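Summary of the model geometry
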Amino acid sequence: MKFGIRTLSAMAAILALIAAGLSYWAGDQISLAGKKGGDAREATFQSYRIAQSLKSLAAGYELTMNEFYSTVLEFPAYQKKSAAQKTAIERELAALAALQEGGAATAAELTRLYKEMDSFRLGLEGAMTSADKDWDRAREALFKLNVLSVQAIHQADLLGQGAGERATALDMGWQTHQSQALLLLRIAAILSVVTGSVMLAGALRLGRAPE
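From a predicted model like this one, the values you see are computed outputs, not experimental measurements.

**What to know about the overall build of the protein chain**
- From N to C terminus, the protein chain includes four helices and zero strands.
- For the protein chain, the α and β elements follow one another from N to C terminus as α-α-α-α.
- For the protein chain, buried positions account for 34% of its 211 residues.
- Pairs at least 24 residues apart make up 79% of the contacts formed inside the protein chain by residues separated by at least 6 positions.
- Summing over all exposed atoms, the protein chain offers an accessible surface of approximately 12,600 Å²; the carbon and sulfur share of this is 63%.

Printed below as a string of structure tokens:
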């Protein structure tokens, strides 16, 4: 009789430990997945934000060159506007390069495109500010600058699409971790019920034991 009670007690203790371990593991998995998911979501959000900003800045930069070429903007006003846009572009590229999810490669390609745009910008300025405006040279520089601007916008658009796809994948991954953790919690709950039943059986057996 004593052996049976001890066996039941040992079983109850083991089941209780397993249930506690599963509950702790499930909680730990949810916490870890939440932290990693939060960090990844933040990086993804930043990638998407930067992509949209670079698209807007590239279009604005191109528009400023066209305004200067068409003499809508005088040189001092053009210089101020283009310098501010260039600074904003460089700031966003630096932020993109600091991200961990392929941002460096995209930043390198966009930096290359913007450097080429800058070289044609200088050519445009030189043609437009010379004593006798060189309209052919200015038109050629503007055309090439516009082509590069389209490429830069396309690259930024790809960056934004990639960020959107990663966001979808992160949501699916979080749901998978959550489902696994809930399964562990259900198993732990079942084990807790079994543990309670074993302990109840032991208590009943102990109560029936002869004194």
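**Brief notes about the nonpolar core**
- Counting residues in hydrophobic clusters, the biggest one holds 32 residues, and the most contacted among them are Leu 54, Met 65, Ile 89, Leu 96, Leu 110, Tyr 114 and Leu 124.
- Among the secondary structure elements, those contributing two or more residues to this core are helix H1 (2-69), helix H2 (75-97), helix H3 (103-129) and helix H4 (135-208).
- Examining the composition of this core, we find that nine residues originate from one element, H1, more than from any other.

**With respect to the pattern of salt bridges**
- For the structure shown, the criterion picks out 10 salt bridges.
- Among the salt bridges present, the one from Asp 118 reaches Arg 121, with a minimum N-O distance of 2.6 Å. Residue Asp 118 and its partner Arg 121 are located together in helix H3, separated by three residues, close to a single helical turn.
- Exposure remark for Asp 118: the relative accessible area of 17% places this residue in the buried category.
- In this structure Arg 121 comes out as buried when scored by relative accessible area, which is 11%.
- Note that Arg 121 is salt-bridged to Glu 125, the shortest N-O span being 2.6 Å. Pair noted here: Arg 121 and Glu 125 are both in helix H3, with a separation of four residues, about one helical turn. Neither Arg 121 nor Glu 125 differs from the other in exposure class; each is buried.

**As for the environment of Tyr 114**
- Residue position: Tyr 114 is located in helix H3.
- Among the residues examined, Tyr 114 registers a relative accessible area of 8% and is labelled buried.
- When the C-alpha atoms of Tyr 114 and Gln 151 are compared, they prove to be 9.9 Å apart, with 37 residues separating the residues in sequence.
- Residue contacts for Tyr 114: discarding those within four places in its chain leaves Leu 54, Ala 58, Ile 89, Leu 93 and Ala 152.

**Focus on the packing of aromatic side chains**
- Counted by the stated rule, this structure contains four aromatic pairs.
- Centre to centre, the rings of Phe 68 and Tyr 78 are 4.0 Å apart; their planes meet at 10 degrees, and the pair counts as stacked. Here the residue Phe 68 occupies a position in helix H1, and Tyr 78 occupies one in helix H2, the gap between them amounting to 10 residues. An identical accessibility class is assigned to Phe 68 and Tyr 78; each is buried.
- Pairing Tyr 69 with Trp 135 gives two aromatic rings, centres 5.6 Å apart and planes at 80 degrees, and the pair type is edge-to-face. Taken as a pair, Tyr 69 in helix H1 and Trp 135 in helix H4 lie far apart in primary sequence, 66 residues in all.
- By relative accessible area, Tyr 69 is classed as buried at 18%.
- Ring pairing ties together the aromatic residues Phe 68, Phe 75 and Tyr 78, which thus form one cluster.

**Remarks on the environment of Arg 112**
- Secondary-structure assignment places Arg 112 in helix H3.
- A sequence separation of 40 residues divides Arg 112 from Ala 152, and the C-alpha atoms of the two residues are 9.4 Å apart.
- One polar contact links Arg 112 to Glu 109, side chain to side chain, over a distance of 2.7 Å.

Reading guide: rules and limits
Residue positions are given per chain, counted from 1 along the sequence in the order it is written. Given that the model is predicted, a residue must reach a pLDDT of at least 70 before its local features are reported, and side-chain atom pairs must reach 80 or more before they are shown or counted; all residues, however, enter totals for whole chains, interfaces and linings. To get the side-chain values, all heavy atoms of the structure are used, and hydrogens and water are removed first. Note on conventions: DSSP H or I runs of at least 4 residues are helices, E runs of at least 2 residues are strands, and numbering of each starts at the N terminus. Buried means the residue's accessible area, taken with a 1.4 Å probe over protein chains only, is under 20% of the maximum for its type, while exposed means over 50%, and partly exposed covers the values in between. In what follows, a contact means two residues having at least one pair of non-hydrogen atoms within 4.5 Å. Per-residue accessibility takes into account occlusion by the displayed protein chains alone, with areas from the Shrake-Rupley method and a 1.4 Å probe. Think of a nonpolar core as a cluster: buried Ala, Val, Leu, Ile, Met, Phe, Trp, Tyr and Cys residues, connected wherever their side-chain atoms sit within 4.5 Å. Within this document, salt bridges are pairs made up of a side-chain nitrogen of Lys or Arg and a carboxyl oxygen of Asp or Glu, the two lying within 4 Å of each other. Only rings of Phe, Tyr and Trp enter the pairing, Trp through its six-membered ring, and a pair is recorded when the two centres are within 6.5 Å. The plane angle decides the type: under 30 degrees is stacked, over 60 is edge-to-face, the rest tilted. Distance and chemistry together define a polar contact, namely a pair of N or O atoms within 3.5 Å, with one atom able to donate a hydrogen and the other to accept it when in protein, and with adjacent residues in sequence counting only for side-chain atoms on both sides.

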